[in-house]
Amino acid sequence: MDEVMEKYAHFEAVIKDNNPAADLSRIRAAFDFAKSAHENQKRKDGSPFISHPLAAAEIIAEMGLDEEAIMAALLHDCIEDTGVTYEEISKRFGTSVADIVEGVTKLSRVTYTSKEEEQMENLRKMLLAMAKDIRVIIIKMADRLHNMRTMEYQSAEKQSEKALETMEIYAPLAHRLGMQKIKWELEDLSILYLDPIGYAEIEEGLRRIMSSNETFIDSMQSKISERLKENGIECDVYGRVKHIYSIYRKMYSQNKTLSEVLDLYAFRVIVNDIADCYNVLGYIHEMFHPIPGHFKDYIGTPKPNMYQSLHTTVIGSDGIPFEVQIRTWDMHHTAEYGIAAHWKYKEGISGKFADEAKFAWVRRLLESQQDSDAQDFFQDLKIDMFSDEVFVFTPRGDVINLPAGATPIDFAYTIHSAVGNRMTGAIVNGRIVPYNHELANGDIVEVLTSNSSKGPSRDWLNIVKSPEARNKIRQWFKKEKREENIVHGKLSFETELRRVFLQMSDLTREDIQPRILKKLAFASFDELFAAIGYGGMSAQKAVNRIRDELRAIDKTKKSELMPFEIKPDKKLKPIHGILVEGIDNCLVKFARCCTPVPGDESIGFITRGFGVSVHRKDCKNYQKSLETPEEAGRWVRVAWANSDVDIYSTALYITARERSGIVMDIATILNALKIRMTSFAARDVDGGITTAAIVIEIKTREELNAAIARLATVPGVTDIKRGDG
Ligand code: MN
């Protein structure tokens with residue numbers, strides 16, 4: 001049997017130990033496939049390449065992960081390093097396995113160049129966000145662990161590059177996922193390459209200390225376990241020297257020598273239940289002197305990554321301090337394997353986790369999985385914590401963090417407003433994309449700029465996803481395009497005014513203008529228009545405030561300052577004149593914007609809480625509302641009932657050349673037609689033109705048409721319109 005097959009036999013034994021239900025024949029098939037795919041490849045140390053995925057898969061099996069994860073670990077380098085495709089793996093081993101392999105491949109393609117902490121945090125998040133399936137990250141971790149274990153044959157440059165990446169990305173990820181065992185090994189291997197001298201110093205120092213008290217660990221171990229067993233506590237006791245990086249960090253961060261670092265030794269007592277944990281603590285404190293301030297109860301208050309144990313540091317009779325960690329078996333598995341432990345030891349999850357946002361997603365996952373069986377548990381285990389964010393690269397390799405759905409414009413403005421303002425296009429992963437292209441995790445984004453760019457377009461305000469980009473675009477319009485803003489702003493302001501039957505001349509009257517501008521906090525109307533133009537204020541908001549102010553003025557002066565606002569006569573309740581399709585007995589009212597009368601082609605709008613509002617089909621509000629999908633569905637067909645008992649209010653707008661007696665003429669004609677006029681308002685506008693708004697009561701469209709025809713014959717009248725919204 002060759003060396004690889006010997007290793008394979010060991011690997012199988014590990015699977016049987018940790019996952020007796022796994023289908024060994026499927027795993028073997030994946031191994032054979034990977035082996036032949038990597039056939040002619042060798043590792044740096046001269047061994048056949050397959051020994052690497054095999055070792056990674058064994059790490060996965062040791063953690064008790066499922067069959068699919070083990071198979072994916074065996075296949076993890078196939079797509080990247082051989083001609084094998086996703087489809088091939090999917091066909092042979094199923095989409096689940098293929099998805100995991102593809103996930104690992106994607107992560108392998110991410111490269112790291114930056115060293116700032118914030119960048120590192122973003123990279124870690126990006127990896128988690130890209131992974132989608134937590135098994136991808138765990139396999140990537142096993143892959144990295146084995147590569148670090150076999151780093152000695154790599155070039156010095158490669159060694160320190162990989163070690164740094166491991167220290168800054170993978171060890172913190174392992175920590176966050178609670179995988180302490182892997183974290184420690186990754187840290188120790190990294191520091192070995194990052195600071196070989198410091199590493200050797202500690203190693204040498206530890207050797208010295210240990211040889212001077214060679215029997216310490218053994219004697220303490222038996223002392224503790226004997227005492228506990230005497231008292232009927234079933235337990236396992238292990239002693240060890242702490243891992244090198246934890247000593248290294250203490251020495252350097254607290255500026256201590258090796259001999260000043262307390263608790264170089266750690267003992268671990270593993271018991272069956274929580275009550276025993278506290279019993280053991282009592283015996284330990286009885287046997288040795290506890291050092292004040294060194295007791296920590298991570299059972300009562302678990303660490304954010306689910307870690308639970310009691311920690312105490314004590315001094316033995318020979319004056320050597322050591323730490324004791326006391327935990328149950330469940331806690332032990334969680335401490336060693338973190339998130340991965342839950343494949344195997346699902347029952348051991350305790351509900352008491354510290355309330356820390358960082359790990360909230362795991363808690364959520366675990367909680368939501370409580371009722372489903374173990375199979376579903378890992379099937380559904382997806383990473384969803386960063387679904388509202390997307391992480392992309394600059395061409396220099398910096399990671400930029402944007403809201404989900406972000407576009408290259410958001411990216412450009414995140415880099416700098418000047419980049420956004422001079423943007424002329426974007427390249428994502430080497431291809432030119434449109435401005436509204438949605439960015440995906442891991443994309444490399446490059447912004448094309450030009451000094452002769454005309455600046456952002458107003459459309460961009462509708463495309464961007466981040467508030468920062470939107471603000472920066474608005475700032476640009478505010479500064480650069482004042483004239484244009486005024487024109488745009490005035491246009492939308494006037495449209496909004498017309499909607500409520502007001503016009504500019506209503507606002508510019510001497511007694512009103514100062515009050516309105518004061519209310520809006522603008523120095524002039526141009527300032528207001530400019531603000532509306534760049535989006536600093538909405539036209540609707542401005543007009544609403546103006547109406548409020550006009551009403552206030554109206555009240556104090558008790559005069560008709562808003563002649564164009566039409567109020568239907570309250571005495572008339574024309575509810576019966578209209579039939580609403582599919583609705584009986586509903587509240588019906590007639591829209592003020594277009595005041596429909598029988599005979600008008602009409603349509604009803606189901607308002608939120610105020611019955612059906614009837615509009616004319618040519619009403620602008622109706623037309624506009626059809627463009628909003630949410631509103632468009634609220635329109636219902638209506639029909640006029642054959643009834644001439646009801647009377648309807650409707651508004652007419654008459655334009656005429658200014659002439660004395662014209663008002664009298666209009667009144668006379670309506671009187672002759674026996675049409676009651678309930679409201680009349682007229683005003684002179686520029687160029688000798690008078691406009692009048694009248695509200696009349698009529699029964700039918702024919703009657704209205706007749707009235708319009710007669711009014712048109714009044715000398716001087718140039719136009720008669722119905723209000724249409
Ligand atoms: Mn690999």
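Criteria and cut-off values
Residues numbered from 1 in each chain as written. Predicted model: local features only at pLDDT ≥ 70, side-chain atom pairs only at ≥ 80, totals over all residues. Heavy atoms only, no water. Helix = DSSP H or I, 4+ residues; strand = E, 2+ residues; numbered from the N terminus. Buried < 20%, exposed > 50% of the residue type's maximum accessible area, 1.4 Å probe, protein only. Areas by Shrake-Rupley, 256 points an atom, 1.4 Å probe, with all protein chains shown as cover. Salt bridge = Lys/Arg side-chain N within 4 Å of Asp/Glu carboxyl O. Pairing = 2+ DSSP bridges. Axes fitted to C-alpha atoms, helices over the stretch in contact; angles between N-to-C directions. Contact = heavy atoms within 4.5 Å. pLDDT = per-residue confidence, 0-100. Donors = N, O, S within 2.8 Å, 3.2 Å for Na, K, Ca; no water. Phe/Tyr/Trp six-rings, centres within 6.5 Å; stacked < 30°, edge-to-face > 60°. Lys NZ or Arg CZ within 6 Å of the ring centre and 35° of its normal. Core = buried A, V, L, I, M, F, W, Y, C linked by side-chain atoms within 4.5 Å. Expected span 1.5 Å × (residues − 1). Arc of directions from axis to C-beta. Parallel < 35°, antiparallel > 145°, perpendicular 65-115°, else oblique. Nonpolar A, V, L, I, M, F, W, Y, C, P; charged D, E, K, R; others polar.

This paragraph deals with the overall build of the protein chain. The secondary structure content of the protein chain amounts to 32 helices and 20 strands. By residue count, 50% of the 725 residues in the protein chain fall in the buried class. Just so you have it, the protein chain exposes about 35400 Å², and 49% of that area is on carbon and sulfur atoms.

Right, let's get into the pattern of salt bridges. Applying the stated rule across the entire model yields 25 salt bridges. When the shortest N-O distance is used, the salt bridge between Lys 490 and Glu 494 registers 3.8 Å. Of the two residues, Lys 490 and Glu 494 both sit in helix α24 (residues 482-499), 4 residues apart, roughly one turn of that helix. Accessibility expressed as a relative area gives 35% for Lys 490, which makes it partly exposed. Several salt bridges share partner residues, and in doing so they unite Asp 66, Glu 68 and Arg 135 into one network.

So, on to the sheet that holds strand β19 (residues 689-698). With antiparallel pairing, the 4 strands of this open sheet are ordered in space as β18-β19-β17-β20. Among the strands making up the open sheet, the edge pair consists of β18 (676-685) and β20 (717-722). Shown here is a sheet whose adjacent strand axes are inclined to one another by a mean of 20°, direction ignored. Bridge count for β18 against β19 is 9 bridges, and the pairing is antiparallel. Its bridge partner being in β19, Asp 684 is matched across the sheet by Thr 690. Against the sheet, helix α31 (residues 662-672) engages β17 (648-657), β18, β19 and β20, with an angle of about 145° to β17.

Another point: the pairing of strand β16 (residues 635-640). The sheet contact formed by strand β12 (residues 578-580) and β16 spans 3 bridges and is antiparallel. Counterpart to Leu 579 in the pairing with β16 is Ala 639. As defined by bridge partners, strand β14 (residues 602-606) adjoins β16 across 3 bridges and the pair is classed as antiparallel. Counterpart to Ile 603 in the pairing with β16 is Arg 637.

Time to look at the side chain of His 332. Structurally, the position occupied by His 332 is in helix α16 (residues 329-337). Taking the relative accessible area as the measure of exposure, His 332 reaches 10% and is therefore buried. Discounting chain neighbours no more than four positions away, the residues touching His 332 are Arg 268, Ile 270 and Arg 327.

The subject of this paragraph is the sheet that holds strand β13 (residues 588-590). Here we have 5 strands laid out as an open sheet, ordered β12-β16-β14-β15-β13, and mixed in their pairing. Both edges of this open sheet fall to β12 and β13, since each of them pairs with a single strand only. For this sheet, the mean inter-axis angle between neighbouring strands, taken without regard to orientation, is 35°.

Here we take up the confidence of the model for the protein chain. Predicted confidence across the protein chain gives a mean pLDDT of 82, with 87% of residues reaching 70 or more. Throughout residues 345-361 the model reports pLDDT below 50, and contacts reaching past four residues in sequence, or to other chains, amount to 36 contacts.

When a metal carries six donors in an octahedron, the ideal angles between them are 90 or 180 degrees, while four donors in a tetrahedron ideally lie at 109.5 degrees. Binding of the manganese ion to the protein goes through His 52 (NE2), His 76 (NE2), Asp 77 (OD) and Asp 143 (OD), at separations of 2.1 to 2.3 Å. One chain supplies every donor for the manganese ion, spaced along it as H-x23-H-D-x65-D. One end of the pair, His 52, is in helix α3 (residues 51-62); the other, His 76, is in the loop between α4 (67-75) and α5 (78-81), and 24 residues separate them in sequence. Across the pair, exposure class does not vary: His 52 and His 76 are buried alike.

Further remarks concern the packing of aromatic side chains. According to the stated counting rule, one finds 18 aromatic pairs in the structure shown. Their ring planes at 20° and their centres at 6.0 Å tell us that Tyr 245 and Tyr 248 sit as a pair that is stacked. Taken together, the residues span about one helical turn, with Tyr 245 and Tyr 248 both in helix α14 (residues 244-253) at a distance of 3 residues. Ring centres 5.1 Å apart and planes at 50° place the aromatic pair Tyr 435 and Trp 460 in the tilted group. Taken as a pair, Tyr 435 in the loop between β10 (431-433) and β11 (445-449) and Trp 460 in helix α22 (residues 460-463) lie far apart in primary sequence, 25 residues in all. On the accessibility criterion, Trp 460 (5% relative accessible area) is buried. Its end group placed over the ring of Tyr 8, Arg 28 keeps NZ or CZ at 5.0 Å from the ring centre.

Phe 11, Ile 60, Met 63, Leu 75, Ile 89 and Met 179 are the most contacted members of the largest nonpolar core, which has 75 residues in total. Ranked by the residues each element gives to this core, the list is headed by helix α9 (residues 134-149), at 9 residues. In this view, Ile 89 contacts Phe 33, Leu 75, Cys 78, Ile 79, Val 84, Gly 94, Val 97, Ala 98 and Val 101; residues no more than four positions away in its chain are not counted. In this structure, Ala 406, Val 445, Phe 525 and Ile 532 belong to the second largest nonpolar core, which totals 50 residues.

Mapping Asp 318 onto the fold places it in the loop between β5 (310-315) and β6 (321-328). Residue Asp 318 is classed as partly exposed on the basis of its relative accessible area of 47%. Every residue in contact with Asp 318, bar those within four places of it in the chain, is listed here: Phe 216 and Met 220.

A word on the pairing of β19. With 9 of 10 residues buried, β19 lies mostly within the body of the structure. Relative to β19, β17 runs antiparallel, the two being bridged by 10 bridges. Paired with Ser 649 across the strands is Glu 697, a residue of β19. Counted between consecutive antiparallel strands, the loop separating β18 from β19 contains 3 residues, among which Gly 687 sits at a positive phi close to 75°.

Right, let's get into helix α12 (residues 196-212). Each turn of an α-helix holds 3.6 residues, which means side chains three or four residues apart point in the same direction. Its 17 residues give α12 an end-to-end C-alpha distance of 24 Å, which sits within 8% of 24 Å, the value for a rise of 1.5 Å per residue. Of the residues making up α12, those classed as buried are Gly 198, Tyr 199, Ile 202, Gly 205 and Leu 206. For α12, the angular spread of the buried residues around the axis is 135°, confining them to a single face. Opposite its buried face, α12 presents the exposed residues Ile 197, Arg 208 and Ser 212, each directed more than 90 degrees away. Buried-residue contacts for α12 involve α11 (180-194), β1 (235-241) and α14.

Moving on, we come to unusual backbone geometry. Unlike most non-glycine residues, Asn 429 shows phi in positive territory, near 50°. Tracing the sequence through the fold places Asn 429 in the loop between β9 (423-428) and β10. Classification of Asn 429 by relative accessible area gives partly exposed; the value is 48%. Phi at Thr 595 takes a positive value of approximately 30°, unusual for a residue other than glycine.

What follows is about the packing of helix α20 (residues 408-415) against helix α23 (residues 467-480). Two packed helices can be described by the angle between their axes and the distance between those axes. Where α20 contacts α23, the two axes come as close as 9 Å, and the packing angle between them is 75°. In terms of orientation, α20 lies roughly perpendicular with respect to α23. Between α20 and α23, the residues in contact are Ile 409, Asp 410 and Tyr 413 and Ala 469, Lys 472 and Ile 473, respectively. Taken together, the residues that form the contact of α20 with α23 break down as 4 nonpolar, no polar and 2 charged.

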